[in-house]
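Chain residues, written in single-letter form:
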Amino acid sequence: MMGHFDFSVIAEAWPFLLKGLVFSLELTAVGFVGGLLLGIAIALVRHLEVPIASQILGGYVTLIRSIPLIMVLFWFFFLMPLVLMWATGAPRPVQIGPVWTAFVTFTMFEAAYYAEIIRAGLKSIHKGQYGASTALGMTTWQTYRLVILPQVIRAVSPILLTQTIILFQDTSLVYVLSATDLLGAASKIAQRDSRLVEMYLTVAVVYLALCSLASQVVAVLRQRYAVPARR
Amino acid sequence: MFDVLFETVQEGEEKYGSWLLSGLGWTVALAVAGWLVAFAIGVVVGCARTSSHRPLAVAARLYVEIFRNIPIIVQMFLWYFVLPELLPEQLGSAMKKWAPPWGAFFPALVALSLYTAARVAEQVKAGIEALPYGQRSAARALGMTELNSYRLILLPQALRIVLPTLTSEVMGIFKNTSVALTIGLLELTAQARQINEFTFKTFQAFGAATLAYLALALCVFVLMHWIERALRVPGTEPPSHRRARAKQKQRVA
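The rules we used
Residues numbered from 1 in each chain as written. Chains lettered and ligands numbered in written order. Predicted model: local features only at pLDDT ≥ 70, side-chain atom pairs only at ≥ 80, totals over all residues. Helix = DSSP H or I, 4+ residues; strand = E, 2+ residues; numbered from the N terminus. Buried ≥ 20, exposed ≤ 12 C-beta atoms within 10 Å, placed from the backbone. Contact = placed C-beta atoms within 7 Å. Axes fitted to C-alpha atoms, helices over the stretch in contact; angles between N-to-C directions. Parallel < 35°, antiparallel > 145°, perpendicular 65-115°, else oblique. Left-handed = near helix turned anticlockwise from the far one by under 90°. Nonpolar A, V, L, I, M, F, W, Y, C, P; charged D, E, K, R; others polar. pLDDT = per-residue confidence, 0-100. Core = buried A, V, L, I, M, F, W, Y, C linked by C-beta atoms within 7 Å.

The next thing to look at is the overall build of chain A. Check the secondary structure of chain A and you find eight helices and zero strands. For chain A, the N- to C-terminal ordering of α and β elements is α-α-α-α-α-α-α-α. C-alpha atoms of chain A, sized along the principal axes, occupy 70 × 55 × 25 Å. Scored against the burial criterion, the 231 residues of chain A give a buried share of 36%. When contacts within chain A are restricted to residue pairs at least 6 apart in sequence, those whose partners lie at least 24 apart make up 74%.

This is the structure we're talking about:
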């Protein structure tokens, strides 16, 4: 059983796995930054009830949140070349490969989830805050940038961080595009050397360690920086 | 618009639409079976998380940490590829020879159930902790065993509180069934991909599957909303409903 579990296989594969892990982390970082910025924009458009745009974005958020990430990855993998062909006027679809597909997909996918979190935060802000900002002579842009958003981000930051841990786990799904993230790297070695047990157990342990650590950090932050209950 | 679904597969009577329907069937079967198991385990583990019996609470915490912090696709690989290698020779090779779809369905079911159960457990725990501590004390003061105080006092209230958040977990398990295509189960997404590979009609194949997922999400939403209403304790409806009804009465009067 565990008798022929070979640690040297893991040691040998480690540099390649580490490269995969770095890609997973890059994907998480891009998804977080891009998704959050886009998500804030979507949430603001919907919160301000901009005509037409808010309905379209509402539909987008509902659509993305109702279908599996793998489906979204397939969509973007096929759509992106066509969109680029149309945008650049190229004669044939522009292939961008799995890595760029992954970056674009995760940004667009996470934006829908972050937008809902931010929107829930916006709803929790007391109405008087807007009135007070107007009374101080602030423009709408200043009100949101200086008064509303800082409170929203602080209030929902534990949920945002938890969502980001889920995002990190979800990056493993780029396996379906044959991209070389942590899992992709492990599966390539697993198949080449038929070392499935060592490779997949290693991946599981790495994810378990990183995600447990991250969720402990979130729990500590939540306690330390919690906004005291108002009422 | 979706005419590819009514085209027949090369040299046969079968239509591509029947591939998609069969995929839909596997998706629903996996999600429903997975949810039943996940809910049962999740409630038990969620109660154990808040138990006063220390070892039980620690074991439940450990369960949640492990199954929530490993990506679902990795868990599926562990059950599908790794488990047969770790089992005794005969059992392992029997598992490997187990023909699809069941040979892929059961590892996927186990992985999805245990993963979702960890998430349900956290919701149930939050629901129990949202109750006033006096509920627990009162149950004990009445001489109830811990098991009975959970069964009769704490859970009926806690589950009602977390019902809305459980809706998103149910939707989640429907979406996560698509991960089973990586171990060879021909569910909805896999069938859409297969139709695309046969016909190159990408928009129709993926569009039809996307609409099917939207319909499933809508069904889950309606069903959970109905359950929520049916289980509501009379007189505890949300204030917005009450206000609407009061307004209606005014108008009638």
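Attention now moves to the packing of helix 1 (residues 16-49) of chain B against helix 2 (residues 54-68) of chain B. Each packed pair of helices is defined by two parameters, the angle between the axes and the distance between the axes. All names here are of chain B. Contact geometry of helix 1 with helix 2 gives a least axis separation of 7 Å together with a crossing angle of 130 degrees. Between helix 1 and helix 2, the interaxial angle falls into the category oblique. As helix 1 runs across helix 2, the sense of the crossing is left-handed. Along its contact with helix 1, which presents Val 45, Ala 48 and Arg 49, the element helix 2 presents Leu 56, Ala 57, Ala 59, Ala 60, Arg 61, Tyr 63 and Val 64.

Contacts between the two partners involve 27 residues from chain B and, on the opposite side, 26 residues from chain A. Secondary-structure elements contributing two or more residues to the side of chain B that touches chain A are helix 2, helix 3 (72-86), helix 8 (188-199) and helix 9 (202-231) of chain B. When the residues that make up the side of chain B that touches chain A are grouped by side-chain class, the tally is 17 nonpolar, six polar and four charged.

What follows concerns the confidence of the model for chain B. Reading fine detail from the predicted coordinates is not recommended where pLDDT is low. Overall, the predicted model of chain B reaches an average pLDDT of 90, with 92% of residues at or above 70. Our summary of model confidence lists the complex with pTM equal to 0.90 and ipTM equal to 0.90.

With that settled, consider the nonpolar core. Counting 119 residues, the largest nonpolar core has A:Ala186, A:Tyr200, A:Val203, B:Val74, B:Ala108 and B:Ala209 as the members making the most contacts within it. Looking at this core element by element, the count peaks at 14 residues for helix 5 (residues 102-130) of chain B.

What follows deals with the confidence of the model for chain A. Here chain A averages 92 in pLDDT, while 96% of its residues score no lower than 70. By mean pLDDT, helix 3 (residues 69-88) of chain A is the weakest element of chain A at 91, and helix 2 (residues 53-66) of chain A is the strongest at 96.

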